[in-house]
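Breakdown of the fold
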Amino acid sequence: MWIEKVTTKSGTTKFKYCEQYIDNMTGKKKRVSVTLEKNNRAAKRMAEEALARKIAAALEPPEMESLTVKQACERYLESKQATVKASSHTTYETRCNAVIRILGGETLLNRLNARYIEKSLLATDEAPTTRNDYLKSIRLLLSWCYKQDYIKDVMFLQKIEPVRDDTRKRKIQDKYLEPEELAALIDALPEKRWRLLTRFLALSGLRFGEAAALNREDIDFNHDVIHVTKNYDYRNRIVTSTKTDCSERDVYMQQDLRKLCKEIINFTWEDSLFRGYRTALFITSIKGKNIGHAAYYGYLKRYKPENVKKMITPHTLRHTYCSLMAAAGVDLDTISRQLGHESIDITREVYFHVTKDLAKQDAEQIEHAHIRIG
């Protein structure tokens, strides 16, 4: 430490206590200083303590060395705030909370390794599907952190294999309802509101949020199309843009769907008069608001017929639309456009399964046909 005399503008003499150190990032010499009014033993001790604190702060390990899993998640969510919709951000929050719970919020990011992550995932004692979903969330977070220079390396993630998950290999026919199963489900629903919605989802192929966001003016009888331009975010209870750019589309109304849409509009109008609410919505809850996903899903689970063994969700009805169109001879590309898909993996699986079954039925009919010549 050395001392330099400093003369202020008012002519007062003060003393600048200085010390030198090597900067971690540049390797070059830098200095810190503190100015005091006196130059005595007590002032020197005070200056030494102040300079030591400044140097310690300057030589603190780079941020990446001290960043915790919780801090990384907070920054990850902050980065997503400006780029994703509220509904998607809620999903990211849920994933990050799971990562913090599994890995530990105070765990240092750069101390993570394959063995620790595998051990932490195993300790959750969750089903293989859930553990694999957790692993996917961890991969997404750490990959983002690597791009931001918060973590030195993520190559160790390649050592972690997903858990074998036979539940993912559910039969493709379990993803949609056969016509007789759909009819049984609709007949089992006691409330007309839910019967109409179930038929509508199966005949239109709309996502639940797209159907819940529809207004009467979106049903265009002049051109026989449904204008899908928005989505109801049932988690945050707001209407947003569609899921993707491909999702914004016009869905053609075939004869049965056109008739059903008129029935739903009449039902909503009569229901609004009976219950005393005003709405521009196509179909509503009993309070005249956007229909909630949880309420509808719970209703389907409660009244699902015993003879229908498949798990039924609102999305099952979207796959059912694909199967109905495939059985009617509509080609895959047309179905995909109607559904507003960016990826048509499930659509393709359902489509080819249905058309394969139809081809098999055709072959069986031809096999048993008796043809006489002459």
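From a predicted model like this one, the values you see are computed outputs, not experimental measurements. (Residues numbered from 1 in each chain as written. Predicted model: local features only at pLDDT ≥ 70, side-chain atom pairs only at ≥ 80, totals over all residues. Heavy atoms only, no water.)

Quick look at the sheet that holds strand β4 (residues 219-220) now. Overall, antiparallel pairing links the three strands, which are arranged β4-β5-β8 in an open sheet. The open sheet has two edge strands, β4 and β8 (249-252), and neither has a second partner. (Pairing = 2+ DSSP bridges. Helix = DSSP H or I, 4+ residues; strand = E, 2+ residues; numbered from the N terminus.)

Moving on, we come to the sheet that holds strand β3 (residues 29-36). Note: strands within a sheet are paired through backbone hydrogen bonds, in either parallel or antiparallel orientation. With respect to topology, three strands assemble into an open sheet ordered β1-β2-β3, the strand pairing being antiparallel. Across the chains shown, the open sheet's two edge strands, defined by having one partner strand only, are β1 (2-7) and β3. Each adjacent strand pair in this sheet contributes to an overall mean axis angle of 30 degrees, direction not counted. When β1 meets strand β2 (residues 13-22), the two strands line up antiparallel, connected through six bridges. Bridge pairing in β2 places E4 opposite K16. The sheet contacts of helix α1 (residues 41-58) involve β1, β2 and β3, and relative to β3 the element is tilted by about 140 degrees. (Axes fitted to C-alpha atoms, helices over the stretch in contact; angles between N-to-C directions. Contact = heavy atoms within 4.5 Å.)

As a further point, take the packing of aromatic side chains. As enumerated under the stated definition, the model contains ten aromatic pairs in all. Ring geometry for W194 against Y296: centres 5.4 Å apart, planes inclined by 25 degrees, an arrangement best described as stacked. Of the two residues, W194 sits in helix α8 (residues 192-204) while Y296 sits in helix α11 (residues 293-303), which places them 102 residues apart along the sequence. Taken as a pair, W194 and Y296 share a single burial class, namely buried. Plain terms: the ring middles of Y351 and F352 are 5.5 Å apart, the flat faces sit at 80 degrees to each other, and that makes the pair edge-to-face. Judged by relative accessible area, which is 46%, F352 ranks as partly exposed. A connected cluster of aromatic rings, assembled from ring pairs, spans W194, F208, Y234, Y296, Y299 and Y303. Against the face of F221 rests K262, its NZ or CZ located 5.5 Å from the ring centre. Its guanidinium or amino end placed over the ring of Y176, K310 lies 5.3 Å from that ring's centre, counting from NZ or CZ. (Phe/Tyr/Trp six-rings, centres within 6.5 Å; stacked < 30°, edge-to-face > 60°. Buried < 20%, exposed > 50% of the residue type's maximum accessible area, 1.4 Å probe, protein only. Lys NZ or Arg CZ within 6 Å of the ring centre and 35° of its normal.)

Turning to the nonpolar core, a few remarks are in order. Grouped together as the largest cluster of nonpolar side chains are 53 residues, with contacts concentrated most on F200, I226 and F282. Residue contributions to this core peak at seven residues, all from α8. Those residues in contact with F200 that lie beyond four places of it in its chain are G205, L206, A211, L214, I226, L257, L260, C261, I264 and F282. Among the nonpolar cores identified, the runner-up in size contains 30 residues, and Y76, V99, A114 and I160 belong to it. (Core = buried A, V, L, I, M, F, W, Y, C linked by side-chain atoms within 4.5 Å.)

On to unusual backbone geometry, then. In this model, D125 sits at a positive phi of 55 degrees, which is unusual for a non-glycine residue. Within the fold, D125 resides in the loop between α5 (114-123) and α6 (128-147). Positive phi is not limited to glycine here, since D224 has a value of about 55 degrees. Note that D224 resides in the loop between β4 and β5 (225-228).

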